[in-house]
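# Structural overview
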Amino acid sequence: MLDFSKSDGLVPVIVQDAQTLEVLMLGYMNEEAWQKTQAEKRVTFFSRSKNRLWTKGEESGNFLEVVGLHIDCDKDTVLIKARPAGPTCHTGSRSCFNTDFNQNFLLELERIIKHRYEFPSDESYVNRLRSKGINKIAQKVGEEAVETVIAALTETEHDFINETSDLLFHLLVLLREKGISLETIAKNLEGRHQ
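Residues numbered from 1 in each chain as written. Predicted model: local features only at pLDDT ≥ 70, side-chain atom pairs only at ≥ 80, totals over all residues. Heavy atoms only, no water.

Named according to an unreviewed UniProt entry, the chain is Histidine biosynthesis bifunctional protein HisIE originating from Sphingobacterium kitahiroshimense. In its Subcellular location (unreviewed entry) section, UniProt records this for the chain: "Cytoplasm". (UniProt positions renumbered as here; feature names shortened; annotations may be inferred.)

Once that is clear, we can look at the packing of helix H2 (residues 105-118) against helix H5 (residues 157-178). The relative placement of two packed helices is expressed as an angle between their axes plus a distance between the axes. Here H2 crosses H5 at 50 degrees, and the two axes come no closer than 10 Å. As judged from the angle between their axes, H2 and H5 are oblique. Like other packed secondary-structure pairs, H2 and H5 cross with a definite hand, here right-handed. Contacts from Leu106, Leu109, Glu110, Ile113, Lys114 and Tyr117 in H2 reach Leu168, Phe169, Leu172, Val173, Arg176 and Glu177 in H5. (Axes fitted to C-alpha atoms, helices over the stretch in contact; angles between N-to-C directions. Helix = DSSP H or I, 4+ residues; strand = E, 2+ residues; numbered from the N terminus. Parallel < 35°, antiparallel > 145°, perpendicular 65-115°, else oblique. Left-handed = near helix turned anticlockwise from the far one by under 90°. Contact = heavy atoms within 4.5 Å.)

Time to look at the nonpolar core. The biggest cluster of nonpolar side chains holds 17 residues, and the ones touching the most others in it are Val13, Val15, Met29, Val43, Leu64, Val78 and Ile80. Of all the elements in the fold, those that place two or more residues in this core are strand S1 (11-17), strand S2 (23-29), helix H1 (31-40), strand S5 (64-71) and strand S6 (78-84). If you look at the next biggest cluster of nonpolar residues, it comprises 15 residues, including Val126, Ile137, Leu167 and Leu172. (Core = buried A, V, L, I, M, F, W, Y, C linked by side-chain atoms within 4.5 Å. Buried < 20%, exposed > 50% of the residue type's maximum accessible area, 1.4 Å probe, protein only.)

Let us look at unusual backbone geometry. Even without being glycine, lysine 41 reaches a positive phi, approximately 60 degrees. As for its placement among the helices and strands, lysine 41 is situated in the loop between H1 and strand S3 (44-47). Judged by relative accessible area, lysine 41 falls into the partly exposed class, the value being 47%. Phi is positive for asparagine 51, which is not a glycine, with a value near 55 degrees. Locating asparagine 51 in the fold gives a position in the loop between S3 and strand S4 (52-55). Given a relative accessible area of 59%, asparagine 51 falls into the exposed group.

With that settled, the discussion passes to the packing of helix H4 (residues 134-154) against H5. Running from N to C, H4 and H5 point in directions that differ by 160 degrees, and their axes come no closer than 8 Å. When the axis of H4 is compared with that of H5, the two are roughly antiparallel. By crossing handedness, the relation of H4 to H5 is classed as left-handed. In contact with Ile134, Ile137, Ala138, Lys140, Val141, Glu144, Ala145, Glu147, Thr148, Ala151 and Ala152 of H4, H5 contributes Asp159, Phe160, Glu163, Thr164, Asp166, Leu167, His170, Leu171, Val173, Leu174, Glu177 and Lys178.

Here the focus is the pairing of S3. Across the two faces of S3 the burial is the same, with Thr44 and Phe46 and Phe45 and Ser47 all buried. Pairing analysis gives 4 bridges linking S3 to S4, with the strands arranged antiparallel. In the sheet register, threonine 44 faces S4, and the bridge partner there is threonine 55. In this structure, the hairpin formed by S3 and S4 is closed by a connection of 4 residues, where asparagine 51 is found at a positive phi of approximately 55 degrees. (Pairing = 2+ DSSP bridges.)

Here we come to the packing of aromatic side chains. Counted under the stated rule, the structure contains 2 aromatic pairs. Taking 5.3 Å as the distance between ring centres and 35 degrees as the angle between the ring planes, the aromatic pair formed by phenylalanine 45 and tryptophan 54 counts as tilted. The class for tryptophan 54 is partly exposed, based on a relative accessible area of 21%. Centre to centre, the rings of tyrosine 125 and phenylalanine 169 are 6.0 Å apart; their planes meet at 35 degrees, and the pair counts as tilted. Taken together, the residues tyrosine 125 in helix H3 (residues 125-131) and phenylalanine 169 in helix H5 connect sequence positions 44 residues apart. For tyrosine 125, a relative accessible area of 35% puts it in the partly exposed group. For phenylalanine 169, a relative accessible area of 19% gives the class buried. Over the face of the ring belonging to phenylalanine 63 we find arginine 42, whose NZ or CZ atom lies 3.7 Å from the ring centre. (Phe/Tyr/Trp six-rings, centres within 6.5 Å; stacked < 30°, edge-to-face > 60°. Lys NZ or Arg CZ within 6 Å of the ring centre and 35° of its normal.)

In C-alpha cells:
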C-alpha cells in the first residue's frame, strides 16, 4: 500500500515505456489518482498547477495504458510501465526528458514490425517479405548472417555495422512471424546466464 502521508498527500510517479524501458515522464498522484489509474488502466495524475486530477492524454488522445505498477521499497514512489498511444510530452516529443535517441531501439523496432503485421500496407517492406512466407523470411536471415560474417572478416567497420543491422532487422521479422518476442529471448538468455 502506498504511503501518501510523507509529502502532503502526493507521491512521485515515474512513467517508463513498457517495451523500450525509456523514461517518459515524472508526475504526481494523490490517493484518488492512484485508485483511478488502477481501475481504468490509464495513467491519471494529480495536477499541482490545476489542482485537480488529469488523465494523461485526455486532450491529446496520447494516453498511457498501464502495463505494470511497481511501488518502491519505502512505499512512497511509483514506477509505472506503460504503453504510450503517441508522444508523451506536450511538446510532441516521445519523452519529456528529450533523450537524444532511443537507447532500446531494437525494442521499438520490434513494436514497429508488430504494427506492420497488424496493419499491413503494400508499401511496407515487412509486409512484402511476410507475403512470401516463412521460408523466404528464414532464407533472408541466413543470407544476412553470411553477409555479416563476410563483412566481419574482409570489409570495413561501416560495412560490418550495416550487415549486422540487416541481420538483426530480418531476425526480428522472423521472430514476429514465429510469434516470439525479444522479451522471451532475453528471459531465455538470462536463464542460461544463471
